[in-house]
Structure formats: C-alpha cells, structure tokens
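# An overview of the molecular structure
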Amino acid sequence: MSQDRSVVARRLMFSSAHFYKQEKFSVEENERTFGLCYTPHGHGHNYVLEAFVEGVIDPKTRLVMNLSDLDQVMKSAAKPLEHHHLNFDVPEFKTLVPTTENIALYLRNKLIEGLAKIDPKVRLHRIRLFETDDLWVEVRA
Amino acid sequence: MSFELTREVEIRSMHNLNNPQLSVEENQKLYGPCYGQHGHHYKVRVTLAGSLDVKSGLVFDRDRFERILDSTVVGPLDGMDLNEVFPNTACEALARSIFLRLKPLFPDGMLKRVGIQETRKNYFEFPPEAE
C-alpha cells in the first residue's frame, strides 16, 4: 500500500419522501415484504450521506482533494433527491424501489461520475447512507 | 455488488469483570474499578452483508431484522446482569458471544460483524475484518 494515498470523508444531509412499493407485487406481497414502509402516500427521512474518497496526497496542495469540490459533487448527486418525493419525482425510482440500498447505489453511481469530472486523480472508496441514526447502508465503490 | 446493512440497538445492562479462578485481591489488582458491579448504555451495531434482492431492493427484511435483534439482543440483555448470561462479559468477548448467537438466525454467511460501543471511548468488534 502506497504511503502517499489516504482517504477523506465528507458528510451531507438531505431530506426526501418515499414509500416502498414494488409494482409487480400484490398488495399482500407489498405489505409482507415492506411492512410499515409500504404506505399509500409516503413518509420522510433526514438522510445522511457520507462519502469516503481515496487518492494521493498531492505534494503541492498537500490534500487528497479540495473539500469544497467534494461538497459540490455530493450536493449535485443528491440534488435530484433533496426535498423531493423519490417515487414520483426521480425517474430511476419509478421502477426501482427507493430502499436505502437502492438510494445508496444511485448516489454511488452519481458520485463516481461527478468525481471523475471534477478530479480524475481521486476515486470513491465507499459511501454510507443513514436512513436514521440506527439504520444505515454501506457500499464499497 | 455487496451491500452492508447495519442496525443499531441499545441495551442498558450491568456487568463486572472478574475471573472466578482468581482471588478477590488478584481480581482487584487485574481489573481495577471494572471488578466492581457497574453498568453501561451499550450501543450494539449488527451488520449484514449481501447482494440486493432484485425485486424488493433490500439486503434483508427490515421488520425481520428488528424482530431478531429484539428477541436475541434487546429482550434477553437490556436491563440485565450480563454476568448471569455470559461467562465472559469483557466487551470483546460480548461482541463474539452476541455474534455467535445471531449467526444461525440469518441466511448463511450474511451476518458480517457485531460492533459494540461500550462508552464514548471504547469500541469493540467481532470478527476482525480480513485484510
């Protein structure tokens, strides 16, 4: 492992509404699979996204990456979700159930895209998405 | 792609550290203040790892996860004397004991880790992650 590489992490909060519903399931299957999360109108969460980015500690800037750049990438990734109803407003979640796992996957893909544009020297290492303080998903990039 | 899903539960339980094969003086010397009966507000973090079910988009059923933790961790341990339940209540051993109790309740290989925040300063996890 190179001693020049390190990891930086940044946190972003956003709020969204959603419900869990698989169109291919019957009402009973949806109730059985999703329990309380299967509601007719939806409910909301204050999501917390943590992005971990890996890269070389640049000899000139002495940073892995500029944190305000990382902020920008994270905000752009979450923008379509921020204060939206995921099932109705986000095309990806018309067919995909907006579970914490699927939202994490969505954000992972957007972050990889965004980082490649803004700073090709770094790569996403992993993300963590908290639905609540006591429930979260982690995906390695 | 593998996802990790973690749920945290809290237990407020008492314990002390002692080795019954040692004398009181030896226990006091070895464990210091931890030899006295005391309690913690433990945060127990249980992590599952798996791929997503294509239709539901879930690693594991949320309600089932909660029920398993309620019946295996919170119910039997919250508000209890842990020394009456486990032979070794040092947190590193506690994490292992809870892991071993939970393991058969999930699909094969799905339980990845049990982490315990004993205090703000002390954290333990089992098993150690492979490099």
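It should be emphasised that the depicted structure is a prediction, and the values quoted were computed from it without experimental measurement.

Per the secondary structure count, chain A includes four helices and five strands. Each helix (α) and strand (β) of chain A, taken in turn from the N terminus, gives the series β-α-β-α-β-α-α-β-β. Principal-axis analysis of the C-alpha atoms places the extent of chain A at approximately 60 × 25 × 25 Å. The 141 residues of chain A split such that 45% are buried. Sequence separation of 24 or more characterises 70% of the internal contacts of chain A that already satisfy a separation of 6 or more.

It is worth spelling out the pattern of salt bridges at this point. Residues and elements named next belong to chain A. If you walk through the whole model with that rule in mind, you get 19 salt bridges over all chains. A salt bridge links Arg126 to Glu138, with the nearest nitrogen and oxygen atoms 3.3 Å apart. With Arg126 in strand β4 (residues 123–132) and Glu138 in strand β5 (residues 135–140), this residue pair connects regions lying 12 residues apart in the sequence. For the pair formed by Arg126 and Glu138, the shared burial category is buried. Among the charged side chains, a salt-bridge network with shared partners connects Arg11, Glu50, Arg126, Arg128, Glu138 and Arg140.

Moving on: the layout of surface pockets. Its boundaries defined by the atoms lining it, the largest pocket holds a volume of some 300 Å³. Taken together, 16 residues line the largest pocket, and the ones lying closest to its centre are A:Arg128, A:Trp136, A:Glu138, B:Arg113 and B:Tyr123. Within the lining of the largest pocket, the residues separate by chemical class into two nonpolar, two polar and 12 charged. What lines the second largest pocket is A:Leu36, A:Cys37, A:His43, A:His45, A:Glu131, A:Thr132, A:Asp134, A:Leu135, B:Arg7, B:Arg62, B:Asp63 and B:Glu66. Breaking the lining of the second largest pocket down by element, the ones donating at least two residues are β2 (43–56) and β4 of chain A together with α2 (62–77) of chain B. Considering every element that reaches the lining of the second largest pocket, the biggest residue donor is α2(B), with three residues.

About the thresholds
Residues numbered from 1 in each chain as written. Chains lettered and ligands numbered in written order. Predicted model: local features only at pLDDT ≥ 70, side-chain atom pairs only at ≥ 80, totals over all residues. Heavy atoms only, no water. Helix = DSSP H or I, 4+ residues; strand = E, 2+ residues; numbered from the N terminus. Buried < 20%, exposed > 50% of the residue type's maximum accessible area, 1.4 Å probe, protein only. Contact = heavy atoms within 4.5 Å. Salt bridge = Lys/Arg side-chain N within 4 Å of Asp/Glu carboxyl O. 1 Å grid on protein atoms, 1.4 Å probe; cavity = no way out; pocket = protein on both sides within 12 Å on 5 of 7 lines; lining within 4 Å. Points joined across faces, edges and corners; volume = space filled by probe spheres on them. Nonpolar A, V, L, I, M, F, W, Y, C, P; charged D, E, K, R; others polar.

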